[in-house]
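What follows is the residue order along each chain.
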Amino acid sequence: MSRGACAAQEDARGAAAEFYRANGVPQRVEGALNELFFHQPPDVHGYLANYFTNLSAPPRISGLKGREVYDARGQLSIEAEVSCIVCNKEKSMASAAVSSHFGLKVTSLDRKIMSQERADHMMTAAQWINGPLKNMLKGQNPCDQSDVDLLLSNFFMARFLEEKDVWNKEIEESRSLSEHGESLSSPRSTEAKDNKVIKKGKKSNTLEKPFRPTESPEPVLRGSCAIGSVSLAVAQTAAKIQTLPLYKYIAALKNRKAPASYHIPVALVTLLSCGKTSPGKLSLLEEVILIPKAGQRVKQMITMALGIQEEMMRIINTSTKAGATQPMLSDSGALAVTYERPEQPLDLITEACSNSGLALGTDIHLALNLAAAELMDCSKGKYEVATGVLKSPDELVDMYRTLITKYPAVVALIDPLRREDIDQWEKLSNMVGDSCSLLSDLTFKPKAPPLPGVTGHILKHVHETTVSDLIRITSEHQGLVLMGAACGEPCSDDSLSDMAVGLGLGYVKLGGLSGAERMTKYNRLVSIEEELAQQGILVLEEKHPPPLFPDTQEQCTTAQSTV
């Protein structure tokens, strides 16, 4: 070897030695060898691989990928995938999708328009994820959930404010056109109309309160589901990095440390649907929901609910003159039955429970999801509770009182009225509040003023809601029920069950006992419960927590047993 080659080799050795010293390699290798000899594992190289993996740099987000997928109803949805640099290699870590809900249920005439609108939403979401969000989160630590969510929320707010200016201009233009049209109407005809109103008023001793028009819901920002999907995918990535199940990661985020014990939320099962899209005339009962007995394991509850469901199907088939028929399934995965009056589905459940040896009001209770805002006919100022049957807000309150009196097993009403009917909320609370809780959905109006008599709220993980938002909302509001959306559910995502456990909620509604998108979540809840029981950190609540049972709020503080 020439003198020059020897010198070059010596320089390389010196540079290598300096590199190793600067990075602490000799000490690490010595430590690894000492540990290896002490433990003498059967898989020597596997032990060394794990040893050095633990010394590697923390993973950093290297990329995001947004792609359009199809949800449980075959509608377009968006899925976000997170990749990280792990041990100098780029790896796909997790993917997630959140539910998408774009307002009230639509008729078949509107479906084509809504389908195109949904496609535009998803295309924008994919563009956000594959463009600005990818660049913004590159290099971020996925375990810093609050920092990631703050970046996502700030991005969303900037886009929202831009779009809000456009919406405000459109509203102003519409208002000016409307005022111009009113100015062209005849003053004489207006006076005549006023006289007619006065004359009609003389026929009644009591003046009817003016109808409060329904507030326009805040429009959903196109692409907003990208925010919630990315946030959830980042949380799943962090849980994977820390080798934790998602629920334990969420619980540690919320409580700032790992809890010593966990409880499983009471799983609420949708038994029947008699809403606007059901085949019968009845529209009032969007969902009739089973509340199982406190202290039951999830498997026990599922077995019981399936038994009630089978018995209801047997009763329906027996009573059908044409013979056995296969009942339809609603979007929530429950039986969609053909009825005309609200008493009929409740009578069906009462009979099924009686035949199954279950005491309605003891072994199980019921909650009614009314979704009343969808039933309001604003042109008449009344709720269309069934085809051709209209009820004023006061008449609807009286109907609820009659139902609660006749069926005391009903212990909760969800969205029984529009938010605008404030007087009727108070009236309903005064009438039934001692035996029945009132709940309202705060998903789309989280900052709205509280409604009189409301003891709990419905929360859904949709659109731009980040994991940090869910933690904040569940910390600020007591008595929350986490509900899966009836439509727009991702097919194979079971994160809702993990979120409910990790957030420490008392209740979670996963829908009916059918369909892969729902049974995946029920199976995950069973799996979490079994895992916690094996670890000896599962606490069974012996009484129902609030908000579904108004009289248990003071009683249910220490009634627990550990499995």
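What this report covers is the structure whose coordinates are included nearby. Computed from a prediction, not measured in an experiment: that's the story for all the values here. All residue numbers refer to position in the chain's written sequence, counted from 1. Two thresholds apply to this predicted model, a pLDDT of at least 70 for residue-level local features and 80 or more for giving and counting side-chain atom pairs, whereas whole-chain, interface and lining totals are computed over all residues. Computation of side-chain values covers all heavy atoms of the structure but excludes hydrogens and water.

### Thoughts on the overall build of the protein chain
Reasoning step 1: Under the scheme used here, helices are H or I runs from DSSP no shorter than 4 residues and strands are E runs no shorter than 2 residues, and both carry numbers assigned from the N terminus. The number of helices and strands found in the protein chain is 15 helices and 19 strands.
Reasoning step 2: Summary of the burial criterion: residues with accessible area below 20% of their type's maximum are buried, those above 50% are exposed, and those between are partly exposed, where the area comes from a 1.4 Å probe applied to protein chains only. Across the 563 residues that make up the protein chain, the buried fraction comes to 45%.
Reasoning step 3: Contacts in the protein chain between residues at least 24 apart in sequence constitute 68% of all its contacts with a sequence separation of at least 6.
Reasoning step 4: All accessible-area figures derive from a Shrake-Rupley calculation using a 1.4 Å probe, and residue coverage is judged against the displayed protein chains alone. Counting every atom, the protein chain has about 29,200 Å² of accessible surface; 52% of that belongs to carbon and sulfur. Should any heavy atoms of two residues lie within 4.5 Å, those residues are counted as being in contact.

### Considerations on the packing of helix H8 (residues 246–255) against helix H14 (residues 495–502)
Reasoning step 1: With their axes 8 Å apart at the nearest point, H8 and H14 run at an angle of 35° to one another. In this structure, the crossing between H8 and H14 has a hand that is right-handed. Along the contact surface, H8 presents Leu-246, Tyr-247, Ile-250 and Ala-251, while H14 presents Ser-495, Asp-498, Met-499, Val-501 and Gly-502.
Reasoning step 2: Asp, Glu, Lys and Arg are counted as charged, while Ala, Val, Leu, Ile, Met, Phe, Trp, Tyr, Cys and Pro are counted as nonpolar; the rest, among them Gly, fall into the polar class. Residue composition of the contact of H8 with H14, grouped by class: 6 nonpolar, 2 polar and 1 charged. Orientation is described by lines fitted to C-alpha atoms, with helices fitted over the stretch in contact, and by angles between N-to-C directions that extend from 0 to 180 degrees. Note on convention: near helix rotated counterclockwise from far helix by under a right angle means a left-handed crossing. Clockwise means right-handed.

### Quick word on the packing of aromatic side chains
Reasoning step 1: Aromatic contacts are taken between Phe, Tyr and Trp rings whose centres are within 6.5 Å, Trp giving its six-membered ring; a plane angle under 30 degrees counts as stacked, one over 60 as edge-to-face, and the others as tilted. A full pass over the atoms with the stated rule returns 5 aromatic pairs.
Reasoning step 2: Residues Tyr-247 and Tyr-262 carry aromatic rings whose centres are separated by 5.7 Å and whose planes lie at 85° to one another, so their mutual orientation is edge-to-face. A residue pair is termed long-range when its members are at least 10 positions apart, and Tyr-247 in helix H8 and Tyr-262 in strand E4 (residues 262–263) qualify at 15 residues.
Reasoning step 3: Judged by its relative accessible area of 6%, Tyr-262 falls in the buried class.

### Some points on unusual backbone geometry
Reasoning step 1: Cis rather than trans, the peptide bond between Pro-546 and Pro-547 has omega equal to 20°.
Reasoning step 2: Relative to the assigned elements, Pro-547 resides in the loop between strand E18 (538–541) and strand E19 (560–562).
Reasoning step 3: For Asp-415, which is not glycine, the phi dihedral falls at a positive 50°.
Reasoning step 4: Looking at the secondary structure, you find Asp-415 in the loop between strand E13 (410–414) and helix H12 (422–432).

### Regarding the pattern of salt bridges
Reasoning step 1: By convention in these notes, a salt bridge is any Lys or Arg side-chain nitrogen within 4 Å of a carboxyl oxygen on Asp or Glu. Applying the stated rule across the entire model yields 21 salt bridges.
Reasoning step 2: Across the pair Arg-418 and Glu-420 runs a salt bridge whose closest N-O atoms are separated by 3.8 Å. By the burial criterion, Arg-418 is buried, and Glu-420 matches it.
Reasoning step 3: One salt bridge in this structure joins Glu-476 and Arg-472, with 3.6 Å as the shortest N-O distance. Of the two residues, Glu-476 and Arg-472 both sit in helix H13 (residues 467–476), 4 residues apart, roughly one turn of that helix.
Reasoning step 4: The exposure class of Arg-472 is partly exposed, given its relative accessible area of 40%.
Reasoning step 5: What emerges from the salt-bridge pattern is a single network uniting Arg-67, Glu-79 and Glu-81.

### Quick look at the pairing of strand E17 (residues 507–511)
Reasoning step 1: Counting buried positions over the 5 residues of E17 gives 5, a clear majority of the element.
Reasoning step 2: When DSSP finds two or more bridges between a pair of strands, those strands are recorded as paired. By the bridge criterion, 4 bridges tie strand E5 (residues 266–274) to E17 in an arrangement that is parallel. In the strand pairing of E17, Ala-267 is matched with Val-508.
Reasoning step 3: When strand E16 (residues 480–483) meets E17, the two strands line up parallel, connected through 3 bridges. Bridge pairing in E17 places Met-483 opposite Lys-509.

### Concerning helix H1 (residues 3–22)
Reasoning step 1: Multiplying one less than the number of residues by 1.5 Å gives the expected span of a helix. Over its 20 residues, H1 extends 29 Å from the first C-alpha to the last, a length consistent with the 28 Å expected when each residue adds 1.5 Å.
Reasoning step 2: Just beyond H1, the residue with positive phi is Gly-24, at close to 65°.

### Here's the deal with the environment of Lys-65
Reasoning step 1: Among the secondary structure elements, Lys-65 is positioned in strand E1 (residues 60–70).
Reasoning step 2: Counting along the chain gives 165 residues from Lys-65 to Val-230, while the straight-line C-alpha distance between them is 9.4 Å.
Reasoning step 3: If we ignore the near neighbours within four places in the chain, the residues touching Lys-65 are Glu-79, Ala-80, Glu-81, Ile-129 and Asn-130.

### Focus on a nonpolar patch on the surface
Reasoning step 1: A cluster of nonpolar residues, Val-29, Leu-33, Phe-52 and Leu-55, forms a patch on the protein surface that exposes about 320 Å² of accessible area.
Reasoning step 2: Position of Leu-55 among the secondary structure elements: in the loop between helix H3 (44–53) and E1.
Reasoning step 3: Look at Leu-55 and you get partly exposed, because its relative accessible area is 36%. Two distance rules govern patches: like charges are joined within 9 Å, and nonpolar side chains (Val, Leu, Ile, Met, Phe, Trp, Tyr) within 5 Å, applied only to residues with over 30% relative accessible area and no salt bridge.

### Concerning the pairing of strand E3 (residues 89–96)
Reasoning step 1: Across 7 bridges, the pairing between strand E2 (residues 76–86) and E3 is antiparallel. Within E3, the position partnered with Ser-83 by the bridge is Ser-92.

### Looking at the side chain of Asp-415
Reasoning step 1: All tallies of charge rest on Lys and Arg as positive and Asp and Glu as negative; His and the ends of each chain are not included. We note that Asp-415 is buried and unpaired, the nearest opposite charge coming from Lys-460 at a distance of 6.4 Å.
Reasoning step 2: Pairing of N or O atoms within 3.5 Å defines a polar contact, subject to two protein rules: one partner must be a possible hydrogen donor and the other a possible acceptor, and residues neighboring in sequence count only if both atoms are side-chain atoms. Here Asp-441 takes part through its backbone nitrogen, which lies 3.1 Å from a polar atom of the side chain of Asp-415.
Reasoning step 3: In this structure, Asp-415 is in contact with Leu-370, Ala-371, Ala-372, Trp-425, Leu-439, Ser-440 and Asp-441, ignoring residues within four places of it in sequence.

### Observations regarding the sheet that holds strand E11 (residues 382–386)
Reasoning step 1: One open sheet accounts for 3 strands, arranged E10-E11-E12; its pairing is antiparallel. In this open sheet, the two edge strands, each paired with only one partner strand, are strand E10 (376–377) and strand E12 (389–391).
Reasoning step 2: Pairing of E11 with E12, which is carried by 3 bridges, proceeds in the antiparallel orientation. In the sheet register, Tyr-383 faces E12, and the bridge partner there is Lys-391.

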